[in-house]
Amino acid sequence: MLLEKNPLELKEYLQKKWIDPKDLEVKVQEIRQEGKTIVTLNGSFDLLHAGHLEILYQASLQADVLIVALNSDASIQQYKSPDRPIIPLQYRKEMMAALGFVDFVTWFSETDPRDLLRMIAPDVHVNGAEYGKDCLEAQVVSEGGGRVHIVELVPGLSTSNIIEKISRLCDK
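To keep things clear, this report deals only with the structure shown in the data block. (Residues numbered from 1 in each chain as written. Predicted model: local features only at pLDDT ≥ 70, side-chain atom pairs only at ≥ 80, totals over all residues. Heavy atoms only, no water.)

**Some details on the side chain of Q62**
Looking at where Q62 falls in the secondary structure, it is placed in the loop between α3 (50-60) and β2 (65-71). Within polar-contact distance, the side chain of Q62 engages the backbone oxygen of Q58 at 3.3 Å. (Helix = DSSP H or I, 4+ residues; strand = E, 2+ residues; numbered from the N terminus. Polar contact = N/O pair within 3.5 Å; in protein donor to acceptor, adjacent residues only side chain to side chain.)

Structure below.
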């Protein structure tokens, strides 16, 4: 469906993909009742780049429905840096929902996604190779009957590398 160039229509389109955390359990039940499998991917996705697109696309191939869980601004400040995120949650939700291969976007305030994953019990959880099969989420996903799928990183692409490069350019 093509959207007319009306910002209100765009916002409405994007918001249809958002699942408020308080509504997530019900949405997961609806997806399961439709007989669909679920794949999850979580992270900050600050400064969306081609490496993110690769892992998101690969995740979308692993099950019928891709749910991306974004860290809240406060949780990013706790586990990355008080200076992050660069892009606030509101806009990260919009960018993520704009991607055609992302079915739903939710968010969580904890620095650790295990409680969220325990509730979703994904068939597949995707992580980048930097975390490996023994990632923090592995046990919870396995206990829920799912598996972890690892995606190789795109060499040279990371948000930290991009921030460092911008900082060097500003110092010139």
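**Brief notes about the sheet that holds strand β1 (residues 38-43)**
The strand order across the open sheet formed by five strands is β3-β2-β1-β4-β5, and the pairing between neighbours is parallel. Two strands bound the open sheet, and with one partner strand each, they are β3 (104-108) and β5 (147-151). Each adjacent strand pair in this sheet contributes to an overall mean axis angle of 30°, direction not counted. Both strand β4 (residues 124-128) and β5 contribute to a ladder of five bridges, which runs parallel. (Pairing = 2+ DSSP bridges. Axes fitted to C-alpha atoms, helices over the stretch in contact; angles between N-to-C directions.)

**Things to note about the pattern of salt bridges**
Summed over all chains, the structure comprises nine salt bridges. Residue D112 pairs with R114 through a salt bridge whose shortest N-O separation is 2.5 Å. (Salt bridge = Lys/Arg side-chain N within 4 Å of Asp/Glu carboxyl O.)

**Some details on the packing of aromatic side chains**
Tallied over the full model, the rule gives one aromatic pair. Pairing Y57 with F101 gives two aromatic rings, centres 5.5 Å apart and planes at 75°, and the pair type is edge-to-face. With a gap of 44 residues between them, Y57 in helix α3 and F101 in the loop between α5 (89-97) and β3 connect regions that are remote in the sequence. According to the relative accessible area criterion, Y57 is partly exposed, its value standing at 38%. Here F101 falls in the partly exposed class, since its relative accessible area comes to 25%. Lying across the ring of W18, K93 places its NZ or CZ 4.3 Å from the centre. Positioned above the aromatic ring of W107, the side-chain terminus of K93 is 3.9 Å from the ring centre. (Phe/Tyr/Trp six-rings, centres within 6.5 Å; stacked < 30°, edge-to-face > 60°. Buried < 20%, exposed > 50% of the residue type's maximum accessible area, 1.4 Å probe, protein only. Lys NZ or Arg CZ within 6 Å of the ring centre and 35° of its normal.)

**Some remarks on the environment of I150**
Within the secondary structure, I150 sits in strand β5. Residue classification places I150 among the partly exposed positions, given a relative accessible area of 22%. Placed 74 residues apart in sequence, I150 and I76 show a C-alpha to C-alpha distance of 22 Å. The contacts of I150, once residues within four sequence positions are left out, are N127, G128, A129, G132 and K133. (Contact = heavy atoms within 4.5 Å.)

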